Amino acid sequence: MNHMPYPHASLKALPDQLIDSFFAYQRLHHIGSGFMPTRQEIYRITDELFTLLFPGFYGRQDLSRENVTEHIRRKTNNLYERLYLQIFHCFNCRRSQSNQAEKKASQTAEKFMLSLLRIRESLADDILSAYQGDPAASGTDEIIFSYPATLAIGTYRLANALWKLGVPLMPRIMTEYAHSRTGIDIHPGATIGRGFFIDHGTGVVIGETTIIGDNCKLYQGVTLGAISFPHDDSGLIVRKTKRHPTLEDDVTVYSNASILGNIIIGKGSTVGGGVFLTRAIPPGCTVTTKSIELKYRKQCDVFAPSVVSDFQI
Amino acid sequence: MNHMPYPHASLKALPDQLIDSFFAYQRLHHIGSGFMPTRQEIYRITDELFTLLFPGFYGRQDLSRENVTEHIRRKTNNLYERLYLQIFHCFNCRRSQSNQAEKKASQTAEKFMLSLLRIRESLADDILSAYQGDPAASGTDEIIFSYPATLAIGTYRLANALWKLGVPLMPRIMTEYAHSRTGIDIHPGATIGRGFFIDHGTGVVIGETTIIGDNCKLYQGVTLGAISFPHDDSGLIVRKTKRHPTLEDDVTVYSNASILGNIIIGKGSTVGGGVFLTRAIPPGCTVTTKSIELKYRKQCDVFAPSVVSDFQI
Amino acid sequence: MNHMPYPHASLKALPDQLIDSFFAYQRLHHIGSGFMPTRQEIYRITDELFTLLFPGFYGRQDLSRENVTEHIRRKTNNLYERLYLQIFHCFNCRRSQSNQAEKKASQTAEKFMLSLLRIRESLADDILSAYQGDPAASGTDEIIFSYPATLAIGTYRLANALWKLGVPLMPRIMTEYAHSRTGIDIHPGATIGRGFFIDHGTGVVIGETTIIGDNCKLYQGVTLGAISFPHDDSGLIVRKTKRHPTLEDDVTVYSNASILGNIIIGKGSTVGGGVFLTRAIPPGCTVTTKSIELKYRKQCDVFAPSVVSDFQI
């Protein structure tokens, strides 16, 4: 059926034109330079780290007290080696050159692996908060297997450990992998306390300099964002300043609320659904939107064909 | 280039520390217990069920009236067996122990497979509603191939059938798989009528006890959620009460509207974009937000450098 | 453990019932007709086109000035042939029959491949706009590796080239693939100028007839949508009319704003977060929501157990 037509003459020149185009835009290629980290391998490493965080849920099913030691020994060695290589490339690729990248990568991979113990402790609290906070949860198994919060917060905690160790690129690749799968965008530079839960989660944005205390809860569509960016004298954007909110302990933010700027939401406060907030809130407060007046109109349509009038319910 | 550094001494102790950590948090591991269901296998089964829902679109391309019978016979047998195994694990894993799990799993898998006929009938209506409701749709092929609604609603209808048969874990794993790929979060316990369409869909949340009639349409960012959760005397959250809205037939909800609580939206009503609704609406109504006053300010910038003043359009 | 129960008698009839069901709903199957395009293959082609857009970031790592020519020659030939086949099926499948589909597909695939040069030029501007517009960006490597905007806008620019060449189905399959991975839903028919950036992006919707000028920036949750659809005399929805907004050059739209209908947002204007806009805006304007009054209530809870009163901050 499909006789493959002979490539068109015009296509003969395309490879050379493409290569000229590669070298015309230096920032869009990595040709003839140090290897870049491999995005797919970082995705796989993230997935396999979850088999250490939640053994028996992810990865090998037949783990028992007899075989678990040998399995975990192999898995940790394997992950250490693969992490080392990706971290090395992150330190050593063209635009992130670093002296002694090998030594630095090896020490960083070591410190990261040891941090898994602390990360598991945090996640135990996170899972419990999810169970206590969601009436639809049938149990913690369901939360571990299916809740986007588990994936997004777990990946954030892994990426944040690498971020604090100064690894370029990789932390953000990991959190954007979780963002892609959950709709929850947590910057690896954010600081998040224990017992954190995000319900549903699609559309949540947590900016780089956000600080979140213990036992906080967010719903879908919540933005913890910046309100404006300072520019320097030459008009360039200033990076790394604290420009996102701080949530103290026990704060709840309901769906689609936006909290913008370097402001403090006091301990135990609640921000209602849809609230657009750019001012600080003291502790123990509930902030809701004053009801927006709604307009009700009886429709003239197939379902109510003869009644056309304004009315109040 | 990359001499793999010898594993650090500190890593030697990590496997045993991790294993101690596993057994310190009972809820975060499944070691030495009955097998859990396998998330990836449930994802694959879901994908393959779509080849029965939309044959020729997904899966094998060369189906004809001659070979389709043999192909479908094999595919249904294969899927029955794999569903049986996952359902068995869902009934039988540690925290969901069930007597006679084998018999129950076998009968459940059978009933589920037979329900595919009814699910196809529903999807035929859903696809038609999508075509009738979206002016950008070039045809039903495009809807089946590319619309997130097809994936999200199709997966919901499969998962809801398993939910009604009492299968733990698996229905939620399936709908969260669709949530991950579409941004549409439909709880498998929701009740949804025929001819349902969700346009764009990212950020849609449909809670566990939501009821939706026939021929309803939602846009992106719509929440059908709960407004508060009752707690029992000991302060624990009460589960399974009806806490989400009921939409009667022919209701349309525009983008980013939130409808919260156990309230009824009457037949044929329309809820406007961005409306935040916690009160019932009678049939045949249109509810919109009273226009929020906007502030217009002429900017002093490169595009209008000399004009700085308040003005009204 | 798991004795596979013998298939139930009721399942014996299922294959034939399913096949009856297939032929009862003509639009839900492609059996015995021309091959459909293959969604998974279109996904893979999209991924591989990114290795031509950003060589060394995606795909083969060890590219050098010595081996790049041979690699790109093979890759372009391979992609041309695979594109040809999918485009052929798009032109030739049952409900999109086209005369001379082979010739048309071959010419279309050729034109598309040649358009890659122009698409790379556009993407160079897009990446630069992202770096200039986001204070959290550590560099363009991070943007290429991890920003959803790179994936969504890159895929849109590929799909838009196919859309302008008149290819059915495939452009939408490509943009919905990006939508699935980023939460950003850009219709391939939209017209988008240079230097375009979307930050975070989850929930963004850009409709089919939207026009966006140069150097525009959107944040998460922005809808550029239609406000109503005309219907013809027989009650059918009218397709293809201009029903979405036009953004002139240098427009910024902050998070969760909705701009609906065929209206013009003038050059250099800014639309604030959460604004719901259905009227045109002249050039050089800032439009924000007049602050919605918030209600503050001191909570009576564990954190502030004895103070229950209304108060103003």
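Residues numbered from 1 in each chain as written. Chains lettered and ligands numbered in written order. Predicted model: local features only at pLDDT ≥ 70, side-chain atom pairs only at ≥ 80, totals over all residues. Heavy atoms only, no water.

## Some points on the packing of helix α3 (residues 39–53) of chain A against helix α5 (residues 101–133) of chain A
All names here are of chain A.
Thought 1: It is the contact of α3 with α5, at a shortest axis distance of 10 Å, that shows an interaxial angle of 60°. In terms of orientation, α3 and α5 fall into the oblique class. Viewed along their axes, α3 and α5 form a crossing whose handedness is right-handed. For the pair α3 and α5, contact is made by L49, L52 and L53 and by F112, L116, I119, R120 and L123, respectively. (Axes fitted to C-alpha atoms, helices over the stretch in contact; angles between N-to-C directions. Helix = DSSP H or I, 4+ residues; strand = E, 2+ residues; numbered from the N terminus. Parallel < 35°, antiparallel > 145°, perpendicular 65-115°, else oblique. Left-handed = near helix turned anticlockwise from the far one by under 90°. Contact = heavy atoms within 4.5 Å.)

## Some thoughts on the relation of the copies chain A and chain B
Thought 1: Relative to chain B, chain A is turned by 120° and slid 0.0 Å along the rotation axis, the superposed coordinates differing by an RMSD of 0.0 Å. Read as a symmetry element, the transformation amounts to a three-fold axis. (Least-squares fit on C-alpha atoms with pLDDT ≥ 70 in both.)

## Some details on the relation of the copies chain A and chain C
Thought 1: Once turned by 120° and shifted 0.0 Å along the axis, chain A lies on chain C with an RMSD of 0.0 Å.
Thought 2: When the interface residues of chain A are mapped onto chain C, a mere 4% of them again fall at the interface, so the copies present different faces.

## Comments concerning the sheet that holds strand β5 (residues 211–212) of chain A
Residue and element names in this part refer to chain A.
Thought 1: Read from one edge of the open sheet, four strands run β2-β5-β8-β11, paired in parallel fashion. Looking at strand neighbours, the two that pair on one side only are β2 (191–192) and β11 (264–265), the edges of this open sheet.
Thought 2: Summarising the sheet, β5 and strand β8 (residues 246–247) pair through two bridges and their orientation is parallel. Across the sheet, residue I212 finds its bridge partner in β8, namely L247. (Pairing = 2+ DSSP bridges.)

## With respect to the interface of chain A and chain B
Thought 1: Counting residues at the interface gives 72 residues for chain A, matched by 74 residues for chain B.
Thought 2: Around 6700 Å² of area is buried between chain A and chain B when both sides are counted, 60% of it from carbon and sulfur atoms.
Thought 3: Sorting the residues of chain A by area buried against chain B places A:Q61, A:P135 and A:F145 first, and these three jointly supply 11% of that buried surface.
Thought 4: On inspection of chain A and its partner chain B, the count reaches one salt bridge. (Buried area = accessible area lost by both parts, 1.4 Å probe. Salt bridge = Lys/Arg side-chain N within 4 Å of Asp/Glu carboxyl O.)

## A word on the packing of helix α3 (residues 39–53) of chain C against helix α7 (residues 148–164) of chain C
Residue and element names in this part refer to chain C.
Thought 1: In the contact formed by α3 and α7, the axes pass within 11 Å of each other and the chain directions differ by 100°. In terms of their interaxial angle, α3 and α7 are classed as roughly perpendicular. Contacts between α3 and α7 pair T46, L49, F50 and L53 from the former with T150, L151, G154, T155 and L158 from the latter.

## Side note on the sheet that holds strand β11 (residues 264–265) of chain B
Thought 1: Strand order across the open sheet formed by four strands is β2-β5-β8-β11 (chain B), with parallel pairing between neighbours. With partners counted over all chains shown, the strands left at the sheet margins are β2 (191–192) and β11 of chain B, one partner each.

## Examining unusual backbone geometry
Among all residues save glycine, negative phi is the norm, and among peptide bonds the norm is trans.
Thought 1: At B:D250, a position not held by glycine, the phi torsion is positive, near 60°.
Thought 2: Positionally, B:D250 belongs in the loop between β8 (246–247) and β9 (252–253).
Thought 3: Judged by relative accessible area, B:D250 falls into the buried class, the value being 16%.
Thought 4: For C:N215, which is not glycine, the phi torsion reads 55° and is therefore positive.
Thought 5: Mapped onto the elements of the fold, C:N215 is located in the loop between β5 (211–212) and β6 (217–219). (Buried < 20%, exposed > 50% of the residue type's maximum accessible area, 1.4 Å probe, protein only.)

## Brief notes about the pairing of strand β14 (residues 285–289) of chain A
Thought 1: Among the five residues of β14(A), four are classified as buried, and the element is accordingly described as predominantly covered.
Thought 2: Where strand β12 (residues 270–271) of chain A lies against β14(A), two bridges are found, and the strand directions are parallel. Among the inter-strand pairings, A:V271 is bridged to a residue of β14(A), identified as A:V287.
Thought 3: Summarising the sheet, β14(A) and strand β15 (residues 294–298) of chain C pair through five bridges and their orientation is antiparallel. Within β15(C), the position partnered with A:T288 by the bridge is C:K295.

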